[in-house]
Amino acid sequence: MFKLKSLALVAILALAACQSAAPPQVGPDGQAAPVAYRITPRESAAIPGRVLGQINMLRANIGAAPLVQSPQLDAASVAHARDMSAQNRAWHFGSDGSSPLDRIRNAGYFGTLIGENISETYENDIVTLNAWMQTRETRDIIMDNSATQLGLGWYQEPSGKIWWVLITGR
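The structure presented is a predicted model; accordingly, all values stated were derived computationally and were not measured.

Visitor: Teacher, can you tell me more about the packing of aromatic side chains here?
Guide: Aromatic ring pairs are described here by two measures, namely the spacing of the ring centres and the angle between the planes. Taken as a whole and assessed by the stated rule, the structure comprises two aromatic pairs. Look at Trp91 and Phe93: their rings are 5.5 Å apart centre to centre, the planes differ by 65°, and that puts the pair in the edge-to-face class. Residue Trp91 is classed as partly exposed on the basis of its relative accessible area of 30%. A residue is classified by how much of its surface remains accessible, and Phe93, at 40% relative accessible area, is partly exposed.

Below, the structure written as structure tokens:
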């Protein structure tokens, strides 16, 4: 009896392995629907260094000095990412009316603000950085030769939506 049950189990597993994967979900435009990128704790630890490395490589290509991570700019970025999520809109003003300059001052950064890039997406950090590099205004904030410091923050909602904020200063 045991052999018969084992044989049946093996047959079921073999048939299950032969099934094709479910087809990708299609969006209203007929294209494959995007799959939300999930930020795991391991990814969370890797993102700042990965983004900083990519940015410094891009800056080196034009002879710009590398940026260094600023804990104060990081804190301002994280706070604004959470606030944009709470407001459910990507924009440069906080729910309290604060500007990027107000936020960096509140986080203890007293240098010069170069600029702030924001994004609302389901995509990862490198895809988001690439999108910023495709638009002149956001690219200029990243590539500004006078920038010396960088802050990066994000907040991922349970739905998978990610709110990204990048701030540069000197």
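Back to the write-up after that little detour.
Visitor: Explanation requested: helix 2 (residues 41–61) in the structure shown.
Guide: Owing to its 3.6 residues per turn, the α-helix brings residues three or four apart onto one side. Between its terminal C-alpha atoms helix 2 stretches 31 Å, which fits the 30 Å expected from 21 residues at 1.5 Å a residue. At Ile47, helix 2 shows its maximal bend, which comes to roughly 35°, and the proline Pro48 appears one to four places after that position. For helix 2, every residue scored as buried is listed here: Ile47, Val51, Leu52, Ile55, Asn56 and Arg59. Looking at the buried side of helix 2, the elements it contacts are strand 1 (68–69), helix 5 (125–133), helix 6 (136–143), strand 3 (149–156) and strand 4 (162–169). Gly63 sits one or two residues past helix 2 and shows a positive phi near 80°.

Visitor: Teacher, can you tell me more about the nonpolar core here?
Guide: Across soluble globular proteins, nonpolar side chains have a tendency to be buried as a group. Counting residues in each nonpolar core, the largest one holds 20 residues, and the members touching the most others are Ile39, Ile47, Ile55, Ile142, Trp154, Trp164 and Leu166. Mapped onto this core, the elements with two or more residues apiece are helix 2, helix 5, helix 6, strand 3 and strand 4. With four residues, helix 2 is the largest single contributor of residues to this core. When residues no more than four places from it in sequence are discounted, the contact partners of Leu166 are Ile55, Gly115, Glu116, Asn117, Trp132, Ile141, Ile142, Leu150, Gly151 and Leu152.

Visitor: Where do I start with empty space enclosed by the protein in this structure?
Guide: To find leftover empty space, one rolls a probe the size of a water molecule over the atoms. Going through the model one piece at a time under the given rule, you end up with one cavity of 30 Å³ or more. Computed from the structure, the largest cavity encloses a volume of approximately 40 Å³. Lining the largest cavity we find Val51, Asp125, Thr128, Leu129, Trp132, Leu152, Trp164 and Leu166. When residues of the lining of the largest cavity are traced back to their parent elements, those giving at least two are helix 5 and strand 4. Among the elements that take part in the lining of the largest cavity, helix 5 stands out by supplying four residues, more than any other.

Basis of the calculations
Residues numbered from 1 in each chain as written. Predicted model: local features only at pLDDT ≥ 70, side-chain atom pairs only at ≥ 80, totals over all residues. Heavy atoms only, no water. Phe/Tyr/Trp six-rings, centres within 6.5 Å; stacked < 30°, edge-to-face > 60°. Buried < 20%, exposed > 50% of the residue type's maximum accessible area, 1.4 Å probe, protein only. Helix = DSSP H or I, 4+ residues; strand = E, 2+ residues; numbered from the N terminus. Expected span 1.5 Å × (residues − 1). Bend = angle between axes of the 7 residues up to and from the residue. Contact = heavy atoms within 4.5 Å. Core = buried A, V, L, I, M, F, W, Y, C linked by side-chain atoms within 4.5 Å. 1 Å grid on protein atoms, 1.4 Å probe; cavity = no way out; pocket = protein on both sides within 12 Å on 5 of 7 lines; lining within 4 Å. Points joined across faces, edges and corners; volume = space filled by probe spheres on them.

Functional significance is not addressed by these values, which are geometric in nature.
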